[in-house]
Amino acid sequence: MTRADSGADTGPHAAALDEAATTASPVDQITATRALTLDEAYRVQAELLACRHARGEREVGLKLGFTSEAKMAQMGISEVIAGRLTDAMRVADGGTTDRRRFIHPRVEPEIAFRLSGRVEQAGPNADPAEVIDAVAPALEIIDSRYRDFRFTLEDVVADNTSAAGYVTGPWTAFDRAHDITNLGVMLETDGQLADTGSTAAILGDPLRAVAAAVRLATRYGMPLHAGSVVLAGAATAAHWLSAATHVEVTVAELGRATLRTHGGEHDDIARR
Ligand code: OOG
Ligand code: MG
């Protein structure tokens, strides 16, 4: 326990956040009623993952948050954070997900990395290009379990960085000679352009997201192995994910990833 830790039990917070996710009903921010250090927040996150493990979910990788200026400005947080992805969050490319599983979902255009077995030997200062096996266009669905999608840095870390779903498009074998530092990114909803950006928005070079993932995984004991997926963080601000919507991300030279939503059309009308 660090000196700043309150020493208070974090277990009830994980249980409340897990119930919020499984029932799609929001809860109050933890920091509304108590102080939480960043170390405690990552502990709540680990306890939250234990609830998912108990339901048979398997960890498949990590996701970074706040790696772009657009996201930092949108949410008012400017520290890179990591959360965990499980197999239950995966939506197949071109697949459909039920909007009613979520509270107030948003979608983000991202790129994903798949790690090679070298990550298991590499230390926290590893050259990221050494541990990447493949790269793909990706979409992330984020869904804060907090009311009104409002949180502090510690709240959002405790809530597994709003991780709720993700899609990866076709994988391209990673070749360090292939420059992926400034690829155009386009987000479309129902065939309409919703946003554009560049992979350069991700920490100036998305390979830095892999370095951050390795560093945070080492610090907070998150598993990374051969085949782990790392979502590098949104290249643009996040967009509301409506019901009955077709969402597509296109990343230059890498291709597309798509998902559809169904269900919850009435909730959408109420929210507008
Ligand atoms: C936190 C997650 C941020 C990203 O790509 O920056 C994130 C949130 O905004 O709810 O996934
Ligand atoms: Mg994201």
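You'll find the protein entered in an unreviewed UniProt entry as Fumarylacetoacetate hydrolase family protein, with Haloechinothrix aidingensis given as the organism.

Caption draft 1: Representation of the environment of Leu203 in the model. Structurally, the position occupied by Leu203 is in the loop between β9 (192-198) and α6 (207-220). Taking the relative accessible area as the measure of exposure, Leu203 reaches 25% and is therefore partly exposed. Between the C-alpha atom of Leu203 and that of Thr181, which follows or precedes it by 22 residues, the distance is 9.7 Å. Ignoring anything within four residues of it in the chain, the contact list for Leu203 reads Thr67, Val80, Arg208 and Ala209.

Caption draft 2: Quick look at the coordination of the magnesium ion (ligand 2). Protein coordination at the magnesium ion (ligand 2) comes from Glu108 (OE), Glu110 (OE) and Glu140 (OE), with a distance range of 2.0 to 2.1 Å. The motif formed by the donor residues of the magnesium ion (ligand 2), counted along the single chain, is E-x1-E-x29-E. Taken together, the residues Glu110 in strand β4 (residues 106-115) and Glu140 in strand β5 (residues 132-142) connect sequence positions 30 residues apart. Side by side, Glu110 and Glu140 carry an identical accessibility label, which is buried.

Caption draft 3: Examining the side chain of Thr199 more closely. Counting through the fold element by element, Thr199 comes out in the loop between β9 and α6. On the basis of relative accessible area, Thr199 is assigned to the buried category, the value being 0%. At 3.4 Å, the side chain of Thr199 forms a polar contact with the backbone oxygen of Thr181. Sequence-distant contacts of Thr199, defined by excluding residues within four places in its chain, comprise Ile111, Ile180, Thr181, Asn182, Leu183, Val185, Pro206 and Val251.

Caption draft 4: Structural view of the packing of helix α2 (residues 38-54) against α6. It is at 11 Å that the axes of α2 and α6 come closest, and there the two elements cross at 85 degrees. Comparing the axis directions of α2 and α6 gives the class roughly perpendicular. Taken together, the residues of α6 that come into contact with α2 (itself represented by Leu38, Asp39 and Tyr42) are Leu216, Arg219 and Tyr220. Counted by class, the contact of α2 with α6 contains four nonpolar, no polar and two charged residues.

Caption draft 5: Examining the site of ligand 1 more closely. Around ligand 1, the structure places 17 residues, and the nearest of them are Lys63, Phe66, Lys71, Ser162 and Ala234. With respect to ligand 1, the backbone of Phe66 contributes an N or O atom lying 2.9 Å from an oxygen atom. The contact in question runs from an oxygen atom of ligand 1 to an N or O atom on the side chain of Glu110, over 3.0 Å. In the complex, 100% of the free accessible area of ligand 1, which totals 320 Å², lies under the protein chains. Counting only elements with at least two residues in the shell around ligand 1, the list comes to β1 (59-65), α3 (69-75), β4 and β5. The greatest single-element share of the shell around ligand 1, amounting to three residues, is contributed by β1. A class-by-class count of the residues in the shell around ligand 1 yields eight nonpolar, four polar and five charged.

Caption draft 6: Highlighting the pattern of salt bridges. Under the counting rule described, the total for this entry stands at 16 salt bridges. With a shortest N-O distance of 3.4 Å, Arg34 and Glu40 are connected by a salt bridge. Asp87 serves as the salt-bridge partner of Arg58, at 3.9 Å between the closest nitrogen and oxygen. Here the residue Arg58 occupies a position in the loop between α2 and β1, and Asp87 occupies one in the loop between β2 (81-86) and β3 (95-98), the gap between them amounting to 29 residues.

Here is what the cut-offs are and how they apply
Residues numbered from 1 in each chain as written. Chains lettered and ligands numbered in written order. Predicted model: local features only at pLDDT ≥ 70, side-chain atom pairs only at ≥ 80, totals over all residues. Heavy atoms only, no water. Helix = DSSP H or I, 4+ residues; strand = E, 2+ residues; numbered from the N terminus. Buried < 20%, exposed > 50% of the residue type's maximum accessible area, 1.4 Å probe, protein only. Contact = heavy atoms within 4.5 Å. Donors = N, O, S within 2.8 Å, 3.2 Å for Na, K, Ca; no water. Polar contact = N/O pair within 3.5 Å; in protein donor to acceptor, adjacent residues only side chain to side chain. Axes fitted to C-alpha atoms, helices over the stretch in contact; angles between N-to-C directions. Parallel < 35°, antiparallel > 145°, perpendicular 65-115°, else oblique. Nonpolar A, V, L, I, M, F, W, Y, C, P; charged D, E, K, R; others polar. Near = heavy atom within 4 Å. Areas by Shrake-Rupley, 256 points an atom, 1.4 Å probe, with all protein chains shown as cover. Salt bridge = Lys/Arg side-chain N within 4 Å of Asp/Glu carboxyl O.

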